[in-house]
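As a plain string of letters, each chain reads:
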Amino acid sequence: MAGGSGARRGAEGTEGRSRSCRGAEAMAGGSGARPRGTAAPARCLFRSLMRTQGLEDVSGDGGVRKQQLRPGSGQTVPPDASVAVKFSGYLEQSDEPFCTNCKSPRLVKLGKEITLLGLKVGLLTMKKEEMAIFIFLPEYAYGSMGCPPLIPPNATVMFEVELLDFIDSKESDTFFQLSAEQQDTFPLQKVLKVADTQREFGNYFYCKKQFETAKSKYKRALSVLRREPSDEAEQCQLKAAKLPVLLNLSMTYLKLKCPAQALAYGEKALETDQSNVKALFVCGQACVCMAEYEKARDFLARAQHIQPFNHSINNELKKLACCYRDSLEKEKEMCCRMFAALRSSSD
């Protein structure tokens, strides 16, 4: 990260500073929870760090200095990534953050939604689950003008940052900027990477229980994979890449209480792999939801035959038996009422 001074700060420019100001104003006044591991009052911590000589100079010119609080794992954040991050920004004389997103962190794009130069430089040094404190000099923060009324001119600021997750979306961004004709000529391996990135986005939103957004990401991944293969080897690679996307779509539609669509995507997955236990299980669940009990039993029995000791499958079969029994009782009760009505009318 050395050499991040003149040209880089110039590229940020007035527009970048104003966007950062708008971001600070949007998240101002938050007494949101600070990242874990930073229990000391912010003002005391800030002053202590300003006197510390051993901070890591991550910008190469002293403009962004870092103290790691907790190490992360895996690779560092690549440029143009989408990041899920918690952060709080502080001025030297205050214990309250002038901006924070700790109450509602979300997936944001470096350079588009995160525009503060120091924060971008700092994040590019971090790994998943890492926590750190950064000191940004004015040229990496809000500059000589500041951001009235929140931030005075020439303010040095402290940011506490926790990187929750990130997705490398550069290849995907490039792909979706191309025309349809250009996309058709995109190398297959890059197409597979684009689809996998969209599936990663879907998985992120699925885990956050944002099922509508997850569904749109999975469908986007599937649309990328709908290209004509040039040979049998390409066809096999495309089918293999589609399988997890189809499974994820099936499970997402179940969460959205759309069992018919869940069944449709599950059956498409079974066309690729007829012994896929996850697909059989989800299809069985979808059929239970639609009260198609015979069909449900067929799917679940096939899944159980492959994995006889799978607790989820066995529990779903027990649930199916209860649903089927209740259905028969209701049918019997309805028939009794019908015959009772006929007898009373004949009398």
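Everything numeric here is computed off the predicted structure, so don't read it as measured data.

Caption draft 1: Seen up close, the nonpolar core. One finds Leu107, Val245, Leu249, Phe299 and Leu320 to be the most contacted residues of the largest nonpolar core, which totals 49 residues. When residues of this core are traced back to their parent elements, those giving at least two are helix H6 (188-207), helix H7 (211-224), helix H8 (232-255), helix H9 (259-272), helix H10 (277-289), helix H11 (293-306) and helix H12 (311-346). Sequence-distant contacts of leucine 320, that is, excluding residues within four places in its chain, are made with Val288, Tyr293, Ala296, Arg297 and Leu300. Within the second largest apolar cluster, 35 residues are counted, among which are Val77, Val161, Leu163 and Phe166.

Caption draft 2: Here's a closer look at the packing of H7 against H8. Where H7 meets H8, the axes come as close as 9 Å, and the angle between the chain directions of the two elements is 155°. Classified by the angle between their axes, H7 and H8 sit roughly antiparallel to one another. Note that H7 runs across H8; the crossing there is left-handed. Here Phe211, Lys215, Tyr218, Lys219, Ala221 and Leu222 of H7 come into contact with H8, specifically with Lys242, Val245, Leu246, Asn248, Leu249, Thr252, Tyr253 and Lys255. Tallied by class, the residues present in the contact of H7 with H8 amount to eight nonpolar, two polar and four charged.

Caption draft 3: Representation of the side chain of lysine 215 in the model. Examined against the element boundaries, lysine 215 turns out to sit in helix H7. Side chain to side chain, lysine 215 and glutamate 212 meet in a polar contact 3.1 Å long. Discounting residues that sit within four places of it in the chain, lysine 215 has contacts with Leu249, Thr252, Tyr253 and Leu256.

Caption draft 4: Highlighting the pairing of strand S8 (residues 131-136). The buried count for S8 comes to six of six residues, which makes it a mostly enclosed element. Neither face of S8 is open: one carries Met131, Ile133 and Ile135, the other Ala132, Phe134 and Phe136, and all of them are buried. Where strand S2 (residues 64-70) and S8 come together, six bridges link them in antiparallel fashion. Directly across from valine 64, in S8, lies its bridge partner phenylalanine 136. Pairing of S8 with strand S9 (residues 157-167), which is carried by six bridges, proceeds in the antiparallel orientation. When the sheet's bridge partners are listed, phenylalanine 134 is paired in S9 with phenylalanine 159.

Caption draft 5: Representation of the pattern of salt bridges. Considering all chains together, one arrives at ten salt bridges under this definition. The shortest N-O distance in the salt bridge between glutamate 113 and arginine 106 comes to 3.2 Å. Residue classification places glutamate 113 among the partly exposed positions, given a relative accessible area of 44%. The exposure class assigned to arginine 106 is partly exposed, which follows from its relative accessible area of 48%. For glutamate 294, the salt bridge is made with arginine 297, and the minimal N-O distance between the two is 2.7 Å. Placement of both glutamate 294 and arginine 297 in helix H11 is noted, with a separation of three residues, approximately one turn of the helix. For arginine 297, a relative accessible area of 42% corresponds to the partly exposed category.

Caption draft 6: Quick peek at the packing of aromatic side chains. Applying the stated criterion to the full structure yields eleven aromatic pairs. Relative to phenylalanine 159, the ring of phenylalanine 98 lies with its centre 5.9 Å away and its plane at 80°, an arrangement referred to as edge-to-face. Of this pair, phenylalanine 98 sits in the loop between strand S4 (82-91) and strand S5 (99-100) while phenylalanine 159 is found in strand S9, placing the two residues 61 residues apart along the sequence. Across the pair, exposure class does not vary: phenylalanine 98 and phenylalanine 159 are buried alike. Here the aromatic residues Phe87, Phe98, Phe134, Phe136, Tyr142 and Phe159 are joined through ring pairs into a cluster of three or more. Over the ring of phenylalanine 166 we find lysine 128, and its NZ or CZ is 5.4 Å from the ring centre.

Caption draft 7: Just the state of the cysteines, in detail. The tally for this structure, following the rule as stated, stands at zero disulfides. Here cysteine 289 is not cross-linked by a disulfide; its sulfur's nearest cysteine counterpart is in cysteine 323, at 8.7 Å.

Caption draft 8: Local environment of H7. Taking 1.5 Å per residue as the helical rise, H7 with its 14 residues ought to reach 20 Å, and the 20 Å between its terminal C-alpha atoms agrees with that figure. Buried residues of H7: Phe211, Ala214, Lys215, Tyr218, Ala221, Leu222 and Val224, and no others. Tucked inside the fold, the buried residues of H7 contact helix H4 (170-176), H6, H8 and H9.

Caption draft 9: The packing of H10 against H11, seen in detail. At a minimum axis distance of 8 Å, the contact between H10 and H11 shows a crossing angle of 155°. One element, H10, and the other, H11, form an angle in the roughly antiparallel class. At the point where H10 passes H11, the crossing takes the left-handed sense. Contacts between H10 and H11 involve Val277, Leu280, Phe281, Cys283, Gly284, Cys287 and Val288 on the former and, on the latter, Tyr293, Lys295, Ala296, Phe299, Leu300, Arg302, Ala303 and Ile306. In the contact of H10 with H11, the residues fall into twelve nonpolar, one polar and two charged.

About the criteria used
- Residues numbered from 1 in each chain as written.
- Predicted model: local features only at pLDDT ≥ 70, side-chain atom pairs only at ≥ 80, totals over all residues.
- Heavy atoms only, no water.
- Core = buried A, V, L, I, M, F, W, Y, C linked by side-chain atoms within 4.5 Å.
- Buried < 20%, exposed > 50% of the residue type's maximum accessible area, 1.4 Å probe, protein only.
- Helix = DSSP H or I, 4+ residues; strand = E, 2+ residues; numbered from the N terminus.
- Contact = heavy atoms within 4.5 Å.
- Axes fitted to C-alpha atoms, helices over the stretch in contact; angles between N-to-C directions.
- Parallel < 35°, antiparallel > 145°, perpendicular 65-115°, else oblique.
- Left-handed = near helix turned anticlockwise from the far one by under 90°.
- Nonpolar A, V, L, I, M, F, W, Y, C, P; charged D, E, K, R; others polar.
- Polar contact = N/O pair within 3.5 Å; in protein donor to acceptor, adjacent residues only side chain to side chain.
- Pairing = 2+ DSSP bridges.
- Salt bridge = Lys/Arg side-chain N within 4 Å of Asp/Glu carboxyl O.
- Phe/Tyr/Trp six-rings, centres within 6.5 Å; stacked < 30°, edge-to-face > 60°.
- Lys NZ or Arg CZ within 6 Å of the ring centre and 35° of its normal.
- Disulfide = S-S within 2.5 Å.
- Expected span 1.5 Å × (residues − 1).

Nothing here speaks to function; it is all geometry.
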